[in-house]
Amino acid sequence: MSMPGLPIAAVERETGIARQLLRMWERRYGYPMPLRDAQGDRLYPPEQVTRLCQIRRLIDMGLRPGRLMALTPAQLEEMAELHLPKRETPPLCDGLLDLLRHQDGQALRQDLQQRLQAMGLAHFVCVFLPQANALIGDAWSRGEIRIYHEHLYTEALTRLLREALSALPSGTGRPRIMLTSTPAEPHTLGLLMAEALLRLAGCECLAFGPCMPFAEMGEAMIQHRIDVLALSFSVAYNGPLDEEIGQLMASIPPASQLWVGGAGTRRLKLQVPGLHIMQGLEQIERQVAQWRSAPPV
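Residues numbered from 1 in each chain as written. Predicted model: local features only at pLDDT ≥ 70, side-chain atom pairs only at ≥ 80, totals over all residues. Heavy atoms only, no water.

Peer 1: Outline the nonpolar core, supporting the account with residue identities and numerical values.
Peer 2: Grouped together as the largest cluster of nonpolar side chains are 48 residues, with contacts concentrated most on Phe 124, Val 125, Leu 129, Leu 161 and Leu 198. Setting aside anything within four residues of it in sequence, one finds Leu 161 in contact with Leu 121, Phe 124, Val 125, Leu 129, Leu 189, Leu 192 and Met 193. Among the nonpolar cores identified, the runner-up in size contains 22 residues, and Tyr 44, Ile 55, Met 69 and Met 79 belong to it. (Core = buried A, V, L, I, M, F, W, Y, C linked by side-chain atoms within 4.5 Å. Buried < 20%, exposed > 50% of the residue type's maximum accessible area, 1.4 Å probe, protein only. Contact = heavy atoms within 4.5 Å.)

Peer 1: Account for the pairing of strand E5 (residues 203-207), with residues named and values stated.
Peer 2: When strand E4 (residues 173-180) meets E5, the two strands line up parallel, connected through 5 bridges. By the bridge assignment, Arg 176 is partnered in E5 with Glu 204. In this fold, the crossover linking E4 to E5 by way of helix H10 (residues 189-200) has right-handed handedness. (Pairing = 2+ DSSP bridges. Helix = DSSP H or I, 4+ residues; strand = E, 2+ residues; numbered from the N terminus. Right-handed = clockwise from strand over helix to strand, strands pointing away.)

Peer 1: Describe the packing of helix H7 (residues 105-119) against helix H8 (residues 121-141), with residues and values.
Peer 2: One way to put it is that H7 packs onto H8 with a least axis distance of 6 Å and a crossing angle of 115°. Viewed along their axes, H7 and H8 adopt a mutual orientation that is roughly perpendicular. H7 and H8 meet at a crossing whose hand is right-handed. Within the contact between the two elements, H7 uses Leu 112, Arg 115, Leu 116 and Met 119 and H8 uses Leu 121, His 123, Phe 124 and Phe 128. A class-by-class count of the residues in the contact of H7 with H8 yields 6 nonpolar, 1 polar and 1 charged. (Axes fitted to C-alpha atoms, helices over the stretch in contact; angles between N-to-C directions. Parallel < 35°, antiparallel > 145°, perpendicular 65-115°, else oblique. Left-handed = near helix turned anticlockwise from the far one by under 90°. Nonpolar A, V, L, I, M, F, W, Y, C, P; charged D, E, K, R; others polar.)

Peer 1: Before we move on, can you summarise helix H11 (residues 214-223) with the specific residues and values?
Peer 2: Turning to H11, its buried residues are Met 217, Gly 218, Ala 220 and Met 221. Mapping the buried residues of H11 onto a view down its axis gives an arc of 160°, with all of them on the same face. In H11, those exposed residues whose orientation departs by more than 90 degrees from the buried face are Ala 215, Ile 222 and Gln 223. Count one or two residues on from H11 and you reach Arg 225, which has phi positive near 55°. (Arc of directions from axis to C-beta.)

Keep in mind these values describe shape, not function.
Quick look at the structure:
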């Protein structure tokens, strides 16, 4: 007789919480509390998956996990109502949620493609996508859409951005930029958005995908003669950010820089030479120009 529950990979897909974070929370907070199957693998009961979805929504609103783990589902719902953002649909995003709710993946991709063609890549990435991503996140936080709606949107957008990037001429100008994320950060959308703007600025970009071990980053930078390491942190990131960034800065080549961005960097307090925190995508072009005006020796 099989035990009731979902394996960790399924929970990651259902909640949008990386499996590394699930294990970290289990060690740090004692929650979630998965069962174990005959092979010792984690199985998460349905009620824990539901509660993890509630926690993920509140983290997306800016709350810290440690504050949420001891709350009951009813208390989590009350907190969601208290912190729920009240936003109107931006005019630029009219019709997007309706398309998503209809679950017509082809129509959604066509709509996003038409918006990209009408706006151009830079405006699409800098103006439309931040508004659209916030709209999708808010709708998920209010329970108006499910995780699978969010996944459909993210997948359609990821494919569209990759196609747009493949149509751009290969950048050959400096700085030479390596794009990746840390082991506990599986989200790639922010990296693709940044890469689009960096490529438009003529930078040579090497995309290594997400979840690269810290020990490998410095070695890869040396081997590929990287000028700038670019990392993206989503709002769900819960690692010891200042400590991790400090250790990373100590391990990268001395003349290189670290550029970080994404909603997860809002709590980053560290200030060291060579570290540049991007508060928005619009800062990328300015940061590239600043680097080129005085490239490190």
